[in-house]
Amino acid sequence: MISSDISCVNGPLELVASASVVIDQAWTLPWKDLADFSIFGPSEGVIIGDDEWIVPKSFVNPNYYAENNRKINFANVLPEGWSRGEARSEHLVRRLKRIALLNMTQSVSGAKQRLEPPEPRTWVKHTNFLLRAARSAMELTDRVTTGDMTCPDPGPIFANLSAEAFDELRDIHPTFFQFCVHRLNGLFNAHLFDDWPAGDVKAIKPGVDHIRPFSDQAFTEILKAAHFFASIQKDLEACYTFISSIKCDQDGGRRSGNISKYRNQLIAQWTGDTLYPGRLFPLSIYMAGSSRRKKTGASREKKQFGSWPVDNPSGVKSLLWVCQSANAIILNTATGGRISEMMTLSREPLVRINGSENLTGYTFKESEDPKGTSRHWPLPALAVQAIERQQSLIETFDYQGDFLWIVGPKNTTGVAVLDNLVCEFGKKVQTLKGVPLGKIDGRITAHRFRYTTARLVGLAVEGASDVLYTVLGHTDLNTTMGYMLSDPDFRADADRVRREVQYVRRQRLIAEADDNGGHAAETLRIAKLEVSKKAASLDASLDDEGSLMAILPEIHKVRNDIYCTSQTAKQKGLCSEVTGKRDVGKCSPSCVFRLEAAAAEQDRRRTVEMAIKQLQSNVSFDGSRTFFQNQIVANLASFEKTLDNFVTDDRLCDALRGCDRRYIDRLPGRTRDKLIAYLDNSQ
């Protein structure tokens, strides 16, 4: 062994004082010289060659002294389809162990200051960030050619990612890029390791939001897929339970091969309430097929399924795992909950409060208690159903864990990683055109559902989107606001979107002020003129938010292109019996607060045209003539130019012949006078 040189070691100095290797050469040493190194000191009994590093108790919070909570498991870094016995897996694990050792021990120069090794607790967190990022990096296939590397274990992790792939990794793991990049840049610049693209990789600054909401298209496709799997879960559970009960073949034999064939035959014929042979799926799913790989015989080749049945019991079970992901997606979207809150839900999280179902769990945001603070979320029906389906899945799998989400045998904490669940959903589930859901608008992560829901709530409040109602079935906006906006962070995100919508809406309505209609249009034009004069004297812009607010202080959407400009808390309109309360269903064209966007004029014109044609068709039911005449007059009220399109049309005079003059007298002044003059001249 090489003699020790630990002059550069800080942090857990006492744990590596007996080092028998030159630690700063950990990246280039032959593995045999490094494998037996006691990473935390001889007394801890952990060597670098171990797949699981049990860190000393001093490396973790006192609440996590249990051995399971002190594990750093390098085997978990292997991408799907890799086995631990493969050479590429061994090389990947070795590289990461070398990086972890260097990060724990080396002082390096940063962009602005000397970077000392992290404190032990921080090092544990950063190492776990590194492993998660490395797994995602190895699943990215867009790579470029690089020169020879100095590590004896081949297979770059980060260095040969393309710029696009590296940006994708940044989106997937913002925490890694926030906390680990400075140190990795320093190690790279000090020539201590070279599996990194450059020495000046930009870190994500704290407080900067790099998590993007889903596009409406991606969000809708994801939720449609989740609801589809929700619809077939009951049948899948029934099939799985039935097939699992088969312990012999059709002849009573107990040879495993014959039993497997018999089970596959039964699946091929199995029919439930919604599943039957030949049932086409509205999507395709990529999972294990029936044949095994010829060389190893260890894992099944994957194939796409777009209909029922699947090939074997493993296929049924795989679909049920996808159903769990679907339940998580629906619940996460319906509550706008944080990942930590969703992950730690108990097996029995529903409680009835004041006649409605509530989700009970724990929030860890700004909680001084490491176990979290109890919280309740009122739930819509779809969220309750998602929980009940998940509980049914627990019973079907006879799962004995403490939490709502089922974990695999490799999980040592009992807490499911929701990001992994939803990410796998995005990889396995594809549109009928063969596009994975995770490729429509980037990788699917649990965080993005919270941000997307906040965006859609903000849009829904302003009437700018009905996607939230379409994909979740929300029918009562107040209920939606109640359980989502009770979270201050969520409310702030939704409010930011709401303000952005209002800014764009004000900007458009004010730009089109000369063409807008409704009784409030003239008030808007006057306000715009006055503020324009002031803005010109101050060399300010009308697009400034303050100027827009001065021109149009309040704007509330009634329906498409129809807005209310009343200051609800102070003014009473035709739709309100008391000040401060509005009933948009009673919004009247005669209201002084009604503003109609320029685009609404075409609708008015079409309605007048339709009413004229109806009167020309000699309709005969009682009151029909009066009804259509009122329709014509009402639709002439909002825009003066609507009448301009008909004053040379003799059909209008015929249509309004005998119209009660009281209806015409209610029109705005100039429109009224113009219409009366037209009718008088036509007689």
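Residues numbered from 1 in each chain as written. Predicted model: local features only at pLDDT ≥ 70, side-chain atom pairs only at ≥ 80, totals over all residues. Heavy atoms only, no water.

Overview of the overall build of the protein
Logical step 1: For the protein, the count of helices and strands is 25 helices and 13 strands.
Logical step 2: Intrachain contacts of the protein at a sequence separation of at least 6 include 60% that bridge at least 24 residues.
Logical step 3: When the accessible surface of the protein is summed, it comes to about 33,400 Å², and 50% of that surface belongs to carbon and sulfur atoms. (Helix = DSSP H or I, 4+ residues; strand = E, 2+ residues; numbered from the N terminus. Contact = heavy atoms within 4.5 Å. Areas by Shrake-Rupley, 256 points an atom, 1.4 Å probe, with all protein chains shown as cover.)

A closer look at the nonpolar core
Logical step 1: With 68 residues, the main nonpolar core has I222, F229, L236, W308, L418, F425 and F449 as its most contacted residues.
Logical step 2: When residues of this core are traced back to their parent elements, those giving at least two are α7 (216-244), α8 (256-269), β5 (280-292), α9 (313-335), α10 (339-343), α11 (381-396), α12 (418-428) and α14 (446-461).
Logical step 3: Ranked by the residues each element gives to this core, the list is headed by α7, at 14 residues.
Logical step 4: L34, L78, V108 and A133 belong to the second-largest nonpolar core, a separate cluster that totals 59 residues. (Core = buried A, V, L, I, M, F, W, Y, C linked by side-chain atoms within 4.5 Å. Buried < 20%, exposed > 50% of the residue type's maximum accessible area, 1.4 Å probe, protein only.)

Let's talk about the sheet that holds strand β12 (residues 562-564)
Logical step 1: Read from one edge of the open sheet, 3 strands run β11-β12-β13, paired in antiparallel fashion. Across the chains shown, the open sheet's two edge strands, defined by having one partner strand only, are β11 (556-559) and β13 (594-596). Across the sheet, the mean angle separating the axes of adjacent strands is 35° when strand polarity is ignored.
Logical step 2: In terms of strand pairing, β11 meets β12 through 3 bridges, oriented antiparallel. Looking at β12, one finds that H556 is bridged to C564. (Pairing = 2+ DSSP bridges. Axes fitted to C-alpha atoms, helices over the stretch in contact; angles between N-to-C directions.)

Examining the pattern of salt bridges
Logical step 1: Tallying each qualifying case throughout the model produces 32 salt bridges.
Logical step 2: With a shortest N-O distance of 4.0 Å, K641 and D515 are connected by a salt bridge. One end of the pair, K641, is in helix α22 (residues 640-644); the other, D515, is in the loop between α17 (488-511) and α18 (520-537), with 126 residues separating them in the sequence.
Logical step 3: Accessibility expressed as a relative area gives 38% for D515, which makes it partly exposed. (Salt bridge = Lys/Arg side-chain N within 4 Å of Asp/Glu carboxyl O.)

A short note on the side chain of N332
Logical step 1: Structurally, the position occupied by N332 is in helix α9.
Logical step 2: Residues contacting N332, with those up to four places away along its chain left out, are G337, M342, A446 and F449.

Looking at helix α25 (residues 669-682)
An α-helical turn contains 3.6 residues, so a residue and the one three or four places further along point in the same direction.
Logical step 1: Its 14 residues place the ends of α25 20 Å apart at the C-alpha level, agreeing with the 20 Å of an ideal helix rising 1.5 Å per residue.
Logical step 2: At its buried positions, α25 is contacted by α21 (624-636), α22, α23 (650-655) and α24 (661-665). (Expected span 1.5 Å × (residues − 1).)

Details of α7
Logical step 1: With 29 residues, α7 ought to run about 42 Å at 1.5 Å a step, and its terminal C-alpha atoms sit 40 Å apart, in line with that.
Logical step 2: Along α7, the largest kink reaches about 45° and is centred on Q233. (Bend = angle between axes of the 7 residues up to and from the residue.)

Considerations on the packing of α9 against α12
Logical step 1: Contact geometry for α9 and α12: axes closest at 9 Å, N-to-C directions at 115°. Classed by the angle they form, the pair α9 and α12 counts as roughly perpendicular. In terms of crossing hand, the pair formed by α9 and α12 is left-handed. In this structure, α9 uses V322, Q324, S325, A326, A328 and I329 to contact α12, whose residues at the interface are L418, L421, V422, F425 and K428.
Logical step 2: Split by residue class, the contact of α9 with α12 holds 8 nonpolar, 2 polar and 1 charged. (Parallel < 35°, antiparallel > 145°, perpendicular 65-115°, else oblique. Left-handed = near helix turned anticlockwise from the far one by under 90°. Nonpolar A, V, L, I, M, F, W, Y, C, P; charged D, E, K, R; others polar.)

What about the packing of aromatic side chains?
Logical step 1: Under the definition given, this model contains 24 aromatic pairs.
Logical step 2: Ring plane angle 75° and centroid distance 6.3 Å describe the contact between F176 and W196, whose orientation is recorded as edge-to-face. Remark: W196 occurs in the loop between α6 (181-189) and α7 and F176 occurs in helix α5 (residues 174-179); sequence separation between them is 20 residues.
Logical step 3: For W196, a relative accessible area of 2% gives the class buried.
Logical step 4: Each ring, one from F214 and one from F219, has its centre 6.5 Å from the other, and the planes form 20°; the classification is stacked. F219 matches F214 in its accessibility class, with the two residues each being buried.
Logical step 5: In textbook terms, an aromatic cluster arises when at least three aromatic residues are bridged by ring pairs, as seen for F40, W53, F59, F74 and W123.
Logical step 6: Its end group placed over the ring of F74, K97 keeps NZ or CZ at 5.7 Å from the ring centre.
Logical step 7: K317 extends its terminal NZ or CZ atom over the ring of F397, reaching a point 5.7 Å from the ring centre. (Phe/Tyr/Trp six-rings, centres within 6.5 Å; stacked < 30°, edge-to-face > 60°. Lys NZ or Arg CZ within 6 Å of the ring centre and 35° of its normal.)

Notes on the side chain of R183
Logical step 1: Within the secondary structure, R183 is located in helix α6.
Logical step 2: One buried charge, R183, has no salt-bridge partner; the nearest side chain with opposite charge is E116, at 6.7 Å.
Logical step 3: Of note is the side chain of R183, whose polar atom sits 2.7 Å from the backbone oxygen of N103.
Logical step 4: Of note is the side chain of R183, whose polar atom sits 3.1 Å from the backbone oxygen of L115.
Logical step 5: Apart from residues no more than four positions distant in its own chain, R183 is found in contact with L102, N103, Q106, S107, V108, L115, E116, P117 and P118. (Lys, Arg positive; Asp, Glu negative; His and termini not counted. Polar contact = N/O pair within 3.5 Å; in protein donor to acceptor, adjacent residues only side chain to side chain.)

Some thoughts on the packing of helix α20 (residues 600-616) against α21
Logical step 1: Packing of α20 against α21 brings their axes to within 9 Å, and their N-to-C directions diverge by 160°. Taken as axis vectors, α20 and α21 run roughly antiparallel relative to one another. At the point where α20 passes α21, the crossing takes the left-handed sense. Across the interface between the two elements, R604, T607, V608, A611, I612, Q614 and L615 from α20 touch R625, F628, Q629, Q631, I632, N635 and L636 from α21.
Logical step 2: Across the contact of α20 with α21, the residue classes break down as 7 nonpolar, 5 polar and 2 charged.

Remarks on a negative patch on the surface
Logical step 1: Together, D142, E164, D167 and D171 make up a negatively charged patch on the protein surface.
Logical step 2: Inspection of the secondary structure assignment puts D167 in helix α4 (residues 163-172). (Patch = residues over 30% accessible without salt bridge, like charges linked within 9 Å, V, L, I, M, F, W, Y side chains within 5 Å. Charge placed at Lys NZ, Arg CZ, Asp CG, Glu CD.)

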